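Summary of the model geometry
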Amino acid sequence: MTRFQIRIDDEVGEALARNRPVVALESTIFSHLGLPSPANLEALNRCISAIRRHGAVPAITVVLDGVARVGVDQSEWPLVCGPARKVGERELGTALAQRWKVGATTVSSSLLLAARAGIEVFSTGGIGGVHRNSEITGDISSDLGALAQHRVVTVCAGAKSFLDLPRTLEYLETLSVPVIGLGCDFFPEFTVHQGSLPIPARVDSVQQLADIVRANRSLGRTGGLLACVPVPEKDALQKNEIDQITNAALQNAAELGVVGSAVTPHVLKFIAEATNEGSVRANLALAENNASIAAQLATILTN
Ligand code: PSU
Ligand code: MN
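Turning next to the layout of surface pockets. Over the atoms rolls a probe the size of a water molecule, and its path tells where empty space is left. Its boundaries defined by the atoms lining it, the largest pocket holds a volume of some 710 Å³. Around the largest pocket, the lining comprises 34 residues; the ones closest to its centre are K86, T106, S141, S261 and T264. Elements supplying a minimum of two residues to the lining of the largest pocket: β5 (85-87), α4 (89-97), α5 (107-117), α7 (142-149) and α11 (263-274). Considering only enclosed or pocket space, the second largest pocket measures out at about 350 Å³ in volume.

Moving on, we get to the pattern of salt bridges. Scanning the entire structure with this criterion turns up 18 salt bridges. Linked by salt bridges that have partners in common, E42, R46, R53 and E288 make up one network.

Turning next to the side chain of T61. With respect to the secondary-structure elements, T61 resides in strand β3 (residues 57-64). For T61, a relative accessible area of 0% puts it in the buried group. Within polar-contact distance, the side chain of T61 engages the side chain of S110 at 2.9 Å. In this view, T61 contacts L25, E26, S27, R69, T105, S110 and L113; residues no more than four positions away in its chain are not counted.

So, on to α11. Taking 1.5 Å per residue as the helical rise, α11 with its 12 residues ought to reach 16 Å, and the 16 Å between its terminal C-alpha atoms agrees with that figure. Contact partners of the buried residues in α11: β5, α10 (239-255) and α12 (278-301).

Here the focus is the side chain of S110. Following the sequence through the fold, S110 ends up in helix α5. Owing to a relative accessible area of 0%, S110 belongs among the buried residues under this scheme. A polar contact is formed between the side chain of S110 and the side chain of T105, at a distance of 3.2 Å. Leaving out residues up to four positions away in the same chain, S110 has contacts with L25, E26, T61, T105 and F122.

Quick look at empty space enclosed by the protein now. Within this structure, the stated rule accounts for 2 cavities of 30 Å³ or more. Here the largest cavity is characterised by a volume of approximately 100 Å³. Residue lining of the largest cavity: R151, V152, V153, V213, N216, R217, R221, G223, G224 and L225, and that is the complete set. Counted by class, the lining of the largest cavity contains 4 nonpolar, 3 polar and 3 charged residues.

Cut-offs applied
- Residues numbered from 1 in each chain as written.
- Chains lettered and ligands numbered in written order.
- Predicted model: local features only at pLDDT ≥ 70, side-chain atom pairs only at ≥ 80, totals over all residues.
- Heavy atoms only, no water.
- 1 Å grid on protein atoms, 1.4 Å probe; cavity = no way out; pocket = protein on both sides within 12 Å on 5 of 7 lines; lining within 4 Å.
- Points joined across faces, edges and corners; volume = space filled by probe spheres on them.
- Helix = DSSP H or I, 4+ residues; strand = E, 2+ residues; numbered from the N terminus.
- Salt bridge = Lys/Arg side-chain N within 4 Å of Asp/Glu carboxyl O.
- Buried < 20%, exposed > 50% of the residue type's maximum accessible area, 1.4 Å probe, protein only.
- Polar contact = N/O pair within 3.5 Å; in protein donor to acceptor, adjacent residues only side chain to side chain.
- Contact = heavy atoms within 4.5 Å.
- Expected span 1.5 Å × (residues − 1).
- Nonpolar A, V, L, I, M, F, W, Y, C, P; charged D, E, K, R; others polar.

This is a description of form; function is not addressed.
See the structure below:
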């Protein structure tokens, strides 16, 4: 019988064994599905450097040659940054059994792999959520269910602004996922600094965030927690500008009949082009910022 194992990189495995801080990263954002080249490689470099700068070990999750990987060698970065098939949590088993060449992990599959490896903190850009018109399309990202299920803290810049943000927050409440804003009173809107929906809880330091993580654990809660950090103001896009472009992107996707898992990559690409890559610069800045907060959190949690 074929056995499918998760391959944990040596440095990551050693750090976990010694209770040193580790931060998991998804790979969709670094693949062609998430960011145009060469910004995707820059994003990867900046996230990895930010995590290391804070003394933590980065662990990119990805499927390579049919093997689920937690942590990859620098020599494999070009594979991570190339063309890939999107692997959400439900695709993971299929990708292994069918030996997909490069499978880019989303938030949901990364959370499963991080949890299995024993990694407590995961960093991303913006999570998937409830899509606009979900009452018609039924499109709700599996990221949300995975956040509720796996015992990992996700650090993000809120949810992508082309989603239905009020419903996304409601859904997180339904699933009982704690949503904590770091230094913000509003749910961050990805590339937009100032959100408009009140955040359920606010903290003003990573230490206070860690206290909430520990309190949830001491209650025996087994699921995850969503830590939201706004994009740095100097790199943010203006809300009115992005709102118009978002509407155009969604209309374009509808006109072309783009559905299902292809929606998010299509809309991200449209917005990148329409903002002359301004959205890409903001995306890089927020991904790096989240990675550095995640590394600080992982450090506190291992102490
Ligand atoms: N945020 C980004 N770029 C991305 C994504 C999020 O800035 O590429 C990806 C993440 O991997 C997320 C996924 O988990 O989109 C959600 O896709 P869907 O809506 O199909 O569940
Ligand atoms: Mn979807």
